[in-house]
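Examining the three-dimensional arrangement
Chain by chain, the residues run as shown.
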Amino acid sequence: MTALWQERWPECPPFAHRLRGRYPDRWVRFHSLPGSKRHPENEGEYGVVLDRHHTVLSALDPGAVLLVVTSEWTEGPAVTPAQWPRRSEVAPSARHWQTLLEDPEDPTYIQLYAEVVPWRPGVIDVLLRAVADDELANVILAPADLRWLYHPYDGGADVILPTREQRDALKTRHRGWLSQQPSRL
């Protein structure tokens, strides 16, 4: 998987929050609630959040399986017992994939964990709810061939597509979910 990542995404290691800066011409951000509201407050709003994620992911067509990458931050490079129990709860089958140095000046490491799940809407709802509640961050979802990347965050999702044309088509289909800010954030 590391070799495939480097082939498909050579400008950026799998830091979910850095992808939009490295691939701005193929990036689009969708907000998960109307009016750019960041956090759901009731089951109706969770329903909107999940529906928007399912709609975009289904449009991206991951195929039969979806790659789920979750992470934990550590103070050293060694893999330690789960420090973020929520990550282990929402991705119990994930296996350690790699360790990345987040900040060399203040040594913080990200331990990345990966698992493959059969794709269908609803299969990752527990994970998406944890992200919406800001209990989990730095998540990346992708098809097995890594042709696109989907980074849900509390408030929406960043999508990195193979081409500008594919990005523009997806933006057009879901223009009501785009930011109204000039920064597109």
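Quick caveat, the model's predicted, so the values are computed rather than measured.

The rules behind each value
- Residues numbered from 1 in each chain as written.
- Predicted model: local features only at pLDDT ≥ 70, side-chain atom pairs only at ≥ 80, totals over all residues.
- Heavy atoms only, no water.
- Helix = DSSP H or I, 4+ residues; strand = E, 2+ residues; numbered from the N terminus.
- Rg over C-alpha atoms; globule rule 2.2 N^0.38 Å.
- Buried < 20%, exposed > 50% of the residue type's maximum accessible area, 1.4 Å probe, protein only.
- Contact = heavy atoms within 4.5 Å.
- Areas by Shrake-Rupley, 256 points an atom, 1.4 Å probe, with all protein chains shown as cover.
- 1 Å grid on protein atoms, 1.4 Å probe; cavity = no way out; pocket = protein on both sides within 12 Å on 5 of 7 lines; lining within 4 Å.
- Points joined across faces, edges and corners; volume = space filled by probe spheres on them.
- Nonpolar A, V, L, I, M, F, W, Y, C, P; charged D, E, K, R; others polar.
- Phe/Tyr/Trp six-rings, centres within 6.5 Å; stacked < 30°, edge-to-face > 60°.
- Axes fitted to C-alpha atoms, helices over the stretch in contact; angles between N-to-C directions.
- Parallel < 35°, antiparallel > 145°, perpendicular 65-115°, else oblique.
- Left-handed = near helix turned anticlockwise from the far one by under 90°.
- Salt bridge = Lys/Arg side-chain N within 4 Å of Asp/Glu carboxyl O.

Focus: the overall build of the chain
A count of helices and strands for the chain gives six helices and seven strands. Mapped in sequence order, the helices and strands of the chain form the string α-α-β-α-β-α-β-β-α-β-β-β-α. Taken against the 2.2 N^0.38 rule, which gives 16 Å for 185 residues, the C-alpha radius of gyration of the chain at 16 Å falls within 12% of a compact globule. Counting across all 185 residues of the chain, residues that qualify as buried make up 48%. Across the chain, contacts joining residues at least 24 apart in sequence account for 67% of those joining residues at least 6 apart. Of the accessible surface of the chain, which amounts to about 9100 Å², a share of 51% is contributed by carbon and sulfur atoms.

Section: unusual backbone geometry
Phi is mostly negative for residues that are not glycine, and the peptide bonds are mostly trans. At Asp 61, a residue that is not glycine, the phi angle is positive and equals roughly 55°. As for its position among the elements, Asp 61 is in the loop between α3 (43-60) and β2 (65-74).

Digging into the layout of surface pockets
Estimates place the volume of the largest pocket at around 170 Å³. Every residue lining the largest pocket is counted, 14 residues in all, and those nearest its centre are His 17, Ala 137, His 151, Tyr 153 and Asp 154. For the lining of the largest pocket, the element with the highest residue contribution is strand β6 (residues 149-153), accounting for three residues. Within the lining of the largest pocket, the residues separate by chemical class into five nonpolar, three polar and six charged.

Observations concerning the packing of aromatic side chains
Each aromatic ring pair is specified by the distance between its two centres and by the angle formed by the two planes. Going through the model one piece at a time under the given rule, you end up with three aromatic pairs. Taking 5.1 Å as the distance between ring centres and 85° as the angle between the ring planes, the aromatic pair formed by Trp 9 and Tyr 23 counts as edge-to-face. Residue Trp 9 is found in the loop between α1 (2-8) and α2 (19-22), and its partner Tyr 23 is found in the loop between α2 and β1 (27-31); the two are separated by 14 residues along the sequence. Judged by its relative accessible area of 2%, Trp 9 falls in the buried class. Ring plane angle 85° and centroid distance 6.5 Å describe the contact between Phe 30 and Trp 177, whose orientation is recorded as edge-to-face. With Phe 30 in strand β1 and Trp 177 in the segment after α6 (164-173), the pair connects residues that are 147 residues apart, well separated along the chain. The class of Trp 177 is buried, set by a relative accessible area of 16%.

Details of the environment of Pro 40
Examined against the element boundaries, Pro 40 turns out to sit in the loop between β1 and α3. Exposure remark for Pro 40: the relative accessible area of 9% places this residue in the buried category. Along the sequence, Pro 40 and Ala 132 sit 92 residues apart, while their C-alpha atoms lie 7.3 Å from each other. When residues no more than four places from it in sequence are discounted, the contact partners of Pro 40 are Leu 33, Glu 45, Tyr 46, Val 49 and Ala 132.

Section: the packing of α3 against helix α5 (residues 125-132)
Close contact between α3 and α5 brings their axes to 10 Å; oriented N to C, the two are set at 115°. Viewed along their axes, α3 and α5 adopt a mutual orientation that is roughly perpendicular. Seen from above, α3 lies across α5 with right-handed handedness. Along the contact surface, α3 presents Glu 43, Tyr 46, Val 49, Leu 50, His 53 and His 54, while α5 presents Asp 125, Leu 128, Arg 129 and Ala 132.

Brief notes about the pattern of salt bridges
For the structure shown, the criterion picks out 10 salt bridges. Linking Arg 29 and Asp 158 is a salt bridge whose minimum nitrogen-to-oxygen distance equals 2.6 Å. Here Asp 158 lies in strand β7 (residues 156-160) and Arg 29 lies in strand β1, a separation of 129 residues in the sequence. Summarising the burial analysis for this pair, Arg 29 and Asp 158 share the class buried.

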